[in-house]
Amino acid sequence: MQAWQVHENGEPSEVMRLDDVETPTPGDGQILLKVRAANINFPDALLCRGHYQVRPPLPFTPGVEICGETEDGRRVLANPALPHGGFAEYTVADASAVLPAPEALDDAEAAALHIGYQTGWFGLHRRAGLEAGETLLVHAAAGGVGSAAVQLGKAAGARVIGVVGGADKAAVARELGCDVVLDRRSEDVIGAVKEATGGRGADVIYDPVGGEAYTQSTKVVAFEGRIVVVGFASGSIPSPALNHALVKNYSILGLHWGLYNTKNPKLIQHCHEQLTELAARGAIKPLVSERVPLAGAAAAVQRVADGVTTGRVAVIPGLTEGGAA
């Protein structure tokens, strides 16, 4: 079979190589899956660079989120078991962790439902306790993680402020349903958020960016507000001033979604049921901006790493260069 492999750490476009390899053999408790669609996540770029918290042995295949097909024909969502990631024709995953793919979504959309939307659901509901009528601010609102949070926030009845970088991404954020869209490249985010909220600030802030975005968050968080720290796509990890959190009376909430797989896996299943229901009634629908064939995976991962994409980019092994499946 064909699979993208990383033989040394570096930028995805430089270190990912499409190889002919043996089909992986499932280990104890694992199943073999045919990859129908593999969603690209920022951690895939970090894996290539050797900067992710998990460092599989070289060579490895990146791709941490797929919609796959079991040997008995079931369509499922899974997180592949590294080093056999999802940018391949076949992968393996823990049998106990696979979830049924929602019928309302196609393969690429289903693949994109898993990590980003689970992270959003846990962040907004489990950690921050978002309530209808509250104001939610989402950084990088047009990206894969941010777009999921925007849709989930709207589904929960929140007023959503989306912060983006650039006019094209601002248009996407509006289409996603943001009530207010701010372009950090041309607008004063702090002043605009205060104006949009009558000086009160945002009740919940969803931050997958870190760096300057986190600093802005601390200046616009409301009394008893909650800042959910999801990741550091900016590459800069902030150092919170806890005296500031004390004086302004806000909470800083960390979210490591992967821990729930081991600490409380029943919540993963519950969350999936909630997401499946929301998808069935059209309240959420993953934004898949690109569908690329397997041969285009390395370039696509690099685009995600460079922050020039919107929504999700899906790798479809059965897709031809011309776009036909």
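Residues numbered from 1 in each chain as written. Predicted model: local features only at pLDDT ≥ 70, side-chain atom pairs only at ≥ 80, totals over all residues. Heavy atoms only, no water.

K.L.:
Please give an account of helix H2 (residues 42-49) that cites residues and values.
P.N.:
Among the residues of H2, Asp44, Ala45, Leu46, Leu47 and Cys48 are the ones counted as buried. The inward-facing, buried residues of H2 abut strand E1 (2-6), helix H1 (12-15), strand E2 (16-20), strand E3 (30-39) and helix H12 (297-306). (Buried < 20%, exposed > 50% of the residue type's maximum accessible area, 1.4 Å probe, protein only. Helix = DSSP H or I, 4+ residues; strand = E, 2+ residues; numbered from the N terminus. Contact = heavy atoms within 4.5 Å.)

K.L.:
Break down the environment of Pro57 for me, with residues and values.
P.N.:
Note that Pro57 resides in the loop between H2 and strand E4 (66-69). Along the sequence, Pro57 and Val98 sit 41 residues apart, while their C-alpha atoms lie 24 Å from each other.

K.L.:
Give a description of the side chain of Ser147 that names residues and reports values.
P.N.:
Inspection of the secondary structure puts Ser147 in helix H5 (residues 144-155). Leaving out residues up to four positions away in the same chain, Ser147 has contacts with Ala140, Ala141, Leu176 and Gly311.

K.L.:
Account for the pairing of strand E11 (residues 202-207), naming residues and giving values.
P.N.:
Most of E11 is tucked away: six of the six residues are buried. Direction of pairing for strand E8 (residues 135-139) relative to E11: parallel, over a ladder of three bridges. Across the sheet, the residue bridging to Leu136 is Val204, located in E11. Of the strand pairs in this sheet, E11 and strand E12 (residues 221-229) are connected by five bridges, and their pairing is parallel. Note that in E12 the partner of Ile205 across the bridge is Ile227. Assessed by its sense of winding, the connection that carries the chain from E11 through helix H8 (residues 212-220) to E12 is right-handed. (Pairing = 2+ DSSP bridges. Right-handed = clockwise from strand over helix to strand, strands pointing away.)

K.L.:
Describe the sheet that holds strand E9 (residues 159-164), and please don't skip the residues or the numbers.
P.N.:
Taking strand neighbours across the sheet as the criterion, the six strands line up as E10-E9-E8-E11-E12-E13 in an open arrangement whose pairing is parallel. Of all the strands in the sheet, just strand E10 (180-183) and strand E13 (251-254) have a single pairing partner and so form its edges. Each strand of the sheet is rotated relative to its neighbour by a mean of 20°, with strand direction disregarded. Sheet topology places E8 next to E9; five bridges connect them, and they run parallel. The residue bridging Leu137 from the neighbouring strand is Ile161, located in E9. Of the strands in this sheet, E8, E11, E12 and E13 touch H8, which is tilted by about 160° from E12. (Axes fitted to C-alpha atoms, helices over the stretch in contact; angles between N-to-C directions.)

K.L.:
Any chance you could break down helix H4 (residues 115-127) for me, citing the residues and the numbers?
P.N.:
Counting buried positions over the 13 residues of H4 gives 10, a clear majority of the element. Buried within H4 we find Ile115, Gly116, Tyr117, Gln118, Thr119, Gly120, Trp121, Phe122, Gly123 and Leu124. Gly129 lies just past H4 and shows a positive phi near 60°.

K.L.:
If you had to explain the side chain of Asp183 to someone new, which residues and values would you point to?
P.N.:
Its place among the elements puts Asp183 in strand E10. Nearest to the buried, unbridged Asp183 among oppositely charged side chains is Arg185, at 5.2 Å. In this structure the side chain of Asp183 is engaged in a polar contact, spanning 2.9 Å, whose partner is the backbone nitrogen of Gly166. (Lys, Arg positive; Asp, Glu negative; His and termini not counted. Salt bridge = Lys/Arg side-chain N within 4 Å of Asp/Glu carboxyl O. Polar contact = N/O pair within 3.5 Å; in protein donor to acceptor, adjacent residues only side chain to side chain.)

K.L.:
Talk me through the environment of Ile190; I want residue IDs and the actual numbers.
P.N.:
Positionally, Ile190 belongs in helix H7 (residues 189-196). For the pair Ile190 and Ala111, spaced 79 residues apart in sequence, the C-alpha separation works out to 35 Å. Ile190 has contacts with Gln216, Lys219 and Val220, leaving out every residue within four places of it along the chain.

K.L.:
Kindly report on the packing of aromatic side chains, identifying the contributing residues and their values.
P.N.:
Centre-to-centre distance and the angle between the planes together describe a pair of aromatic rings. As enumerated under the stated definition, the model contains two aromatic pairs in all. Here Trp121 and Phe122 contribute two aromatic rings whose centre-to-centre distance is 5.2 Å and whose plane-to-plane angle is 80°, an arrangement assigned as edge-to-face. The pair Trp121 / Phe122 is uniform in exposure class, with both members buried. Centre to centre, the rings of Phe122 and Tyr260 are 4.2 Å apart; their planes meet at 35°, and the pair counts as tilted. Separated by 138 residues along the polypeptide, Phe122 in helix H4 and Tyr260 in helix H10 (residues 260-263) bring together distant segments of the chain. Given a relative accessible area of 0%, Phe122 falls into the buried group. (Phe/Tyr/Trp six-rings, centres within 6.5 Å; stacked < 30°, edge-to-face > 60°.)

K.L.:
Could you give an account of the packing of H2 against H12, with specific residues and numbers?
P.N.:
Taken N-terminus to C-terminus, the directions of H2 and H12 make an angle of 105°; their axes are 8 Å apart at the nearest point. In terms of orientation, H2 and H12 fall into the roughly perpendicular class. Of the residues in H12, those touching H2 at Phe42, Asp44, Ala45 and Arg49 are Val301, Val304 and Ala305. Residue composition of the contact of H2 with H12, grouped by class: five nonpolar, no polar and two charged. (Parallel < 35°, antiparallel > 145°, perpendicular 65-115°, else oblique. Nonpolar A, V, L, I, M, F, W, Y, C, P; charged D, E, K, R; others polar.)

K.L.:
Run through the pattern of salt bridges, naming residues and quoting values.
P.N.:
Counted under the stated rule, the structure contains 12 salt bridges. Measuring nitrogen to oxygen at the nearest pair gives 2.8 Å for the salt bridge that ties Glu69 to Arg36. On the criterion of sequence distance, the pair formed by Glu69 in strand E4 and Arg36 in strand E3 is long-range, its members being 33 residues apart. Residue Glu290 is joined to Arg303 by a salt bridge in which the shortest nitrogen-to-oxygen separation is 2.7 Å. Taken as a pair, Glu290 in strand E14 (residues 288-293) and Arg303 in helix H12 lie far apart in primary sequence, 13 residues in all.

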